[in-house]
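A closer look at the structure
Each chain is listed here by its residues.
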Amino acid sequence: MTSRRFALALAMATASWLPFAAHAQADKATINALEGYFDFVDYNSGTLMAEQIPAEDYRKLFVLDVRDAGQFAKDHIPGAVNIEWRKVFAERAKLPKDRTILVYCNTSSFSGQVAMALRMDGYENVRILHGGYGEWKARGGMEAFARASRKS
């Protein structure tokens, strides 16, 4: 019987907090930023595939590796800058607004989060490396464009 009363009391206490949780909605500025982001993006508009990037174009890009430092130290795209994905937004002042930022992680999941946060902050120059580092390597890395061109 005591455990039933405890469960009932817990349920009532939880229910009493629900009105506060319902009010935990985004403020107007956040809503506007989200609407702007979703107006900006369409399917694959924010992504680049390895086959779309000629080797010489990597020098024109700001390549941002958002994996952890250990993964970056093992291997990375030549010329890439490493800022772990959790720290990118806090360190966004280090990022250029006048060059395309190509962001990647292992699979595109963390780089997608980084890209969305940066775009919501006004960085319209952010692109995601489709499939991340693993797919980039599998498709030929710096030579993916040349390989794809030869097949055509």
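Computed from a predicted structure; not experimentally measured.

What follows concerns the overall build of the protein. Summing up its helical and strand segments, the protein has 7 helices and 5 strands in all. Listed N to C, the secondary structure of the protein is α-α-β-β-α-β-α-β-α-β-α-α in terms of helices and strands. The proportion of buried residues among the 152 residues of the protein is 29%. The long-range fraction of contacts in the protein, counting pairs at least 24 apart against all pairs at least 6 apart in sequence, stands at 70%. Just so you have it, the protein exposes about 9800 Å², and 58% of that area is on carbon and sulfur atoms.

What follows is about the side chain of Glu51. With respect to the helices and strands, the residue Glu51 is situated in the loop between strand 1 (47-48) and strand 2 (62-65). Among the polar contacts listed, one links the side chain of Glu51 to the side chain of Arg139, at a separation of 2.8 Å.

Moving on, we come to the nonpolar core. Judged by nonpolar contacts, the single largest core of 15 residues is most densely connected at Leu64, Val88, Leu95 and Val103. Listing elements by their share of this core, those giving two or more residues are strand 2, strand 4 (101-104), helix 5 (109-120) and strand 5 (126-129). Ranked by the residues each element gives to this core, the list is headed by helix 5, at 3 residues. For Val103, the residues in contact, after removing those within four places along its chain, are Leu64, Val66, Ser111, Val114, Ala115, Val126, Arg127, Ile128 and Leu129. By size, the runner-up hydrophobic cluster in this structure holds 14 residues, among which are Leu61, Leu102, Tyr104 and Leu129.

Residue placement: Ala148 occurs in helix 7 (residues 144-151). Each C-alpha atom of the pair Ala148 and Glu51 lies 6.0 Å from the other, and the pair is 97 residues apart in sequence.

Turning our eyes to something else, we now look at the sheet that holds strand 4. Pairing within the open sheet is parallel, and its 5 strands lie in the order 1-5-4-2-3. Each edge of the sheet is formed by a strand with only one pairing partner; in this case those strands are strand 1 and strand 3 (81-82). Judged from the 2 bridges that link them, strand 1 and strand 5 form a sheet pairing that is parallel. Bridge pairing in strand 5 links Thr47 to Ile128. Across the face of the sheet, helix 5 comes into contact with strand 4 and strand 5 while running at roughly 175° to strand 5.

Burial of strand 2 is two-sided: the residues Phe62 and Leu64 facing one way and the residues Val63 and Asp65 facing the other way are all buried. In this fold, strand 2 hands off to helix 3 (residues 69-74), which returns the chain to strand 3; that crossover is right-handed.

Conventions we followed
Residues numbered from 1 in each chain as written. Predicted model: local features only at pLDDT ≥ 70, side-chain atom pairs only at ≥ 80, totals over all residues. Heavy atoms only, no water. Helix = DSSP H or I, 4+ residues; strand = E, 2+ residues; numbered from the N terminus. Buried < 20%, exposed > 50% of the residue type's maximum accessible area, 1.4 Å probe, protein only. Contact = heavy atoms within 4.5 Å. Areas by Shrake-Rupley, 256 points an atom, 1.4 Å probe, with all protein chains shown as cover. Polar contact = N/O pair within 3.5 Å; in protein donor to acceptor, adjacent residues only side chain to side chain. Core = buried A, V, L, I, M, F, W, Y, C linked by side-chain atoms within 4.5 Å. Pairing = 2+ DSSP bridges. Axes fitted to C-alpha atoms, helices over the stretch in contact; angles between N-to-C directions. Right-handed = clockwise from strand over helix to strand, strands pointing away.

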